[in-house]
Amino acid sequence: MAQLDLRPVPVTTRPLRRVTQLAGGLVLYGVSMGLMIRGGLGLDPWDVLHEALSRRTGLTFGTVTAIVGALVLLCWVPLRQRPGVGTVANIVLIALAVDATLALVGQADAMAPRIVLMVAGVVLNALATAAYLGVRLGPGPRDGLMTGLVERTGVSVRVIRTGIELTVLATGWLLGGTVGAGTVLYALAIGPLTQAFLPLVTWRGTIVR
C-alpha cells in the first residue's frame, strides 16, 4: 500500500468538512482516554507518564499533560514540523472531552465491563487518531512527533508509533506510573490499528488556494 500523504493542508481548503472531522476525532480521543481510565486495567503509555509526573510533582493531571505537550513540541524543531489548527485544538478539545467522559461514566467494578471499556478505549483511540491526523490540519504535539519521524525516516506509521509508545511506557513505569493489561494492549495494538484506519478517513482532495 502506498504511503499516505499526511502533510498539513491549509484550513481554507474544504474547512467545514475537515474542521468537523478534526473536532469529532479529538472529542472521540478524549472519550477513549476516559473509557480506559474508568476501565481501571491500565492507562495508555503517555498517560502512564503523565500520571507518574503528576504524582511526583503534585501538579494536576491536565497540567502535566499540557506541559509535556509543550516540551514535545520542541522536538518538532529538528524534524521541521509546523503546528497547525489541529495542534492547538488537540490540547483544548481532548482535555474537555476526557473530563466530560469521566464525569458521565462511572468506575466499573466487574471484570467484564472493565474489559469492554479497555478494548473500546483502545479501538476508539486508534480511530480518533486516524480521524484527526487524516484531515491534515496539523497533528497534536505527540502525533506530530510521530508523523515527523515517519517523513524523515520513511518507516511506517505502525513501526514509529509502536516504538514511541513503548519508549514512553517504559519511562512512565520507571517513574512510578500505573501499568496494566490495557497498557500492554494499547502499546502493541495502537500502531497497527491506526494504520488500518488511516486509509478510511484521510482527506485526499485538491488543495484550494
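Small disclaimer: the values here were computed from a predicted structure and weren't measured.

### Digging into the overall build of the chain
Link 1 in the chain: Within the chain one finds nine helices and zero strands.
Link 2 in the chain: Scanning the chain from its N terminus toward the C terminus, one meets helices and strands in the order α-α-α-α-α-α-α-α-α.
Link 3 in the chain: Against the globule reference of 17 Å for 209 residues, the chain gives a C-alpha radius of gyration of 16 Å, in line with a compact fold.
Link 4 in the chain: Its C-alpha atoms give the chain principal-axis dimensions of about 50 × 30 × 30 Å.
Link 5 in the chain: Contacts in the chain between residues far apart in sequence, at least 24 positions, make up 81% of those at least 6 positions apart.

### Quick word on the confidence of the model for the chain
Link 1 in the chain: Here the chain averages 86 in pLDDT, and 96% of its residues register 70 or above.
Link 2 in the chain: Per-residue pLDDT, averaged within each element of the chain, yields its smallest value for helix H3 (residues 61-74) (81) and its largest for helix H6 (residues 111-134) (94).

### Quick word on the packing of H6 against helix H7 (residues 141-153)
Link 1 in the chain: Running from N to C, H6 and H7 cross one another at 70 degrees; their axes reach a closest spacing of 12 Å. Relative to H7, the element H6 lies roughly perpendicular. Counted together, Thr 129, Tyr 132 and Leu 133 of H6 and Asp 143, Met 146 and Thr 147 of H7 form the full contact between these two elements.
Link 2 in the chain: Residues belonging to the contact of H6 with H7 are distributed by class as follows: three nonpolar, two polar and one charged.

### Regarding the nonpolar core
A general feature of soluble globular proteins is that nonpolar side chains tend to end up buried together.
Link 1 in the chain: Counting residues in hydrophobic clusters, the biggest one holds 37 residues, and the most contacted among them are Leu 22, Tyr 29, Trp 46, Met 146 and Ile 164.
Link 2 in the chain: Setting aside residues up to four positions removed in sequence, Trp 46 forms contacts with Val 68, Val 72, Arg 142, Ile 164, Glu 165 and Val 168.

### Remarks on the environment of Leu 149
Link 1 in the chain: Locating Leu 149 in the fold gives a position in helix H7.
Link 2 in the chain: Not counting chain neighbours up to four residues away, the residues in contact with Leu 149 comprise Leu 79, Gly 154, Ile 160 and Ile 164.

### Considerations on the side chain of Thr 101
Link 1 in the chain: Assignment of secondary structure puts Thr 101 in helix H5 (residues 85-104).
Link 2 in the chain: A relative accessible area of 7% places Thr 101 in the buried class.

What counts as what
Residues numbered from 1 in each chain as written. Predicted model: local features only at pLDDT ≥ 70, side-chain atom pairs only at ≥ 80, totals over all residues. Heavy atoms only, no water. Helix = DSSP H or I, 4+ residues; strand = E, 2+ residues; numbered from the N terminus. Rg over C-alpha atoms; globule rule 2.2 N^0.38 Å. Contact = heavy atoms within 4.5 Å. pLDDT = per-residue confidence, 0-100. Axes fitted to C-alpha atoms, helices over the stretch in contact; angles between N-to-C directions. Parallel < 35°, antiparallel > 145°, perpendicular 65-115°, else oblique. Nonpolar A, V, L, I, M, F, W, Y, C, P; charged D, E, K, R; others polar. Core = buried A, V, L, I, M, F, W, Y, C linked by side-chain atoms within 4.5 Å. Buried < 20%, exposed > 50% of the residue type's maximum accessible area, 1.4 Å probe, protein only.

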